[in-house]
Amino acid sequence: MAKACKEAGYTGIIVTDHNWGGNTAVYRMKPWKEWVNEFVKGYEEAKGTGDKIGLDVFFGYEAGFRGTEFLIYGVDKDFMLTHPELRQASVEEQYRLVKQAGGMVIHAHPFREEFYIPKIRLYPDYVDGVEGINATHSNKQSISHYNPAFDRRAIAYAKENSLPMTAGSDIHMTSLLCGGVAFKRKLADIHDFIKAVSEGEDYLLTNGDEWFKKNGELYL
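Residues numbered from 1 in each chain as written. Predicted model: local features only at pLDDT ≥ 70, side-chain atom pairs only at ≥ 80, totals over all residues. Heavy atoms only, no water.

1. A closer look at the environment of Val-26
Reasoning step 1: Along the chain, Val-26 falls in the loop between strand E1 (12-18) and helix H2 (32-39).
Reasoning step 2: Given a relative accessible area of 13%, Val-26 falls into the buried group.
Reasoning step 3: Here the alpha-carbon distance between Val-26 and Phe-39, two residues 13 residues apart in the chain, equals 6.3 Å.
Reasoning step 4: With sequence-adjacent residues up to four places away left out, Val-26 is seen in contact with Trp-35, Glu-38 and Phe-39. (Helix = DSSP H or I, 4+ residues; strand = E, 2+ residues; numbered from the N terminus. Buried < 20%, exposed > 50% of the residue type's maximum accessible area, 1.4 Å probe, protein only. Contact = heavy atoms within 4.5 Å.)

This is the structure:
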């Protein structure tokens, strides 16, 4: 994945594998320490490759709550190891723990409709932002979740609640759709990403086909 992203022109990626609440590759019932050590291997291997090929690789994860999903940024392996209560945490408790650690919670694809999402649940008081653009929703090459209305609703929701927006590729394979966030400068680390988004730095969002301003408006 790191090599594919480098070849596609990315300067950096955030690895956000699904945690125990989603489509994870790690057996959910393993002891906590063992689970965490297995879970971070994907990031660690991508980071090792990124260091060799000149690609910044930052850590994150995607937390799932019966189909409702959140992108967690700004925490690390040590944070997870010392907080086994994350496994049973509610959305509200998760937010408190992540914020105490200096992290960020972004509501991923909040209006996606799929068989594994029993209903749309919104938590404007327990997120720091919204994934306004998801490449699988609106990139014309997408073969899953394609429905641009999901993004339009997410953008309207973010605006209504004065929440900053991000964009994601939502890729699970090396055939990339090339969605993401484009900054005017190179980011130092994941906390630099959090600061840039939360403090309103100028950036663009893309689904790999089109470009959007940070407020979700089409960039012409």
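2. A word on the pattern of salt bridges
Reasoning step 1: Under the criterion given, the structure shown has 11 salt bridges.
Reasoning step 2: Residues Asp-51 and Lys-47 are paired through a salt bridge, measuring 3.0 Å at the closest nitrogen-oxygen approach. With a gap of four residues between them, Asp-51 and Lys-47 both fall in helix H3 (residues 41-53), about one helical turn apart.
Reasoning step 3: You can call Asp-51 exposed: its relative accessible area is 53%. (Salt bridge = Lys/Arg side-chain N within 4 Å of Asp/Glu carboxyl O.)

3. Details of the sheet that holds strand E7 (residues 180-183)
Reasoning step 1: Pairing within the open sheet is antiparallel, and its three strands lie in the order E7-E8-E9. Pairing within the sheet leaves two strands with one partner each, and these edge strands are E7 and strand E9 (211-213). Pairwise comparison of adjacent strand axes, ignoring direction, gives a mean angle of 35° for this sheet.
Reasoning step 2: Looking at chain direction, E7 and strand E8 (residues 203-206) are connected through four bridges and run antiparallel. Its bridge partner lying in E8, Gly-180 is registered against Thr-206. (Pairing = 2+ DSSP bridges. Axes fitted to C-alpha atoms, helices over the stretch in contact; angles between N-to-C directions.)

4. Things to note about the packing of aromatic side chains
Reasoning step 1: Considering all chains together, one arrives at 16 aromatic pairs under this definition.
Reasoning step 2: Both rings, one in Phe-65 and one in Phe-70, keep their centres 5.8 Å apart while their planes meet at 75°; by these two values the pair is edge-to-face. The same class applies to Phe-65 and to Phe-70, which are both buried.
Reasoning step 3: On the numbers, 5.7 Å between centres and 80° between planes, the contact of Phe-111 with Tyr-157 is edge-to-face. One end of the pair, Phe-111, is in the loop between strand E4 (104-107) and strand E5 (129-134); the other, Tyr-157, is in helix H7 (residues 148-160), and 46 residues separate them in sequence.
Reasoning step 4: Using a relative accessible area of 6% as the deciding quantity, one classes Tyr-157 as buried. (Phe/Tyr/Trp six-rings, centres within 6.5 Å; stacked < 30°, edge-to-face > 60°.)

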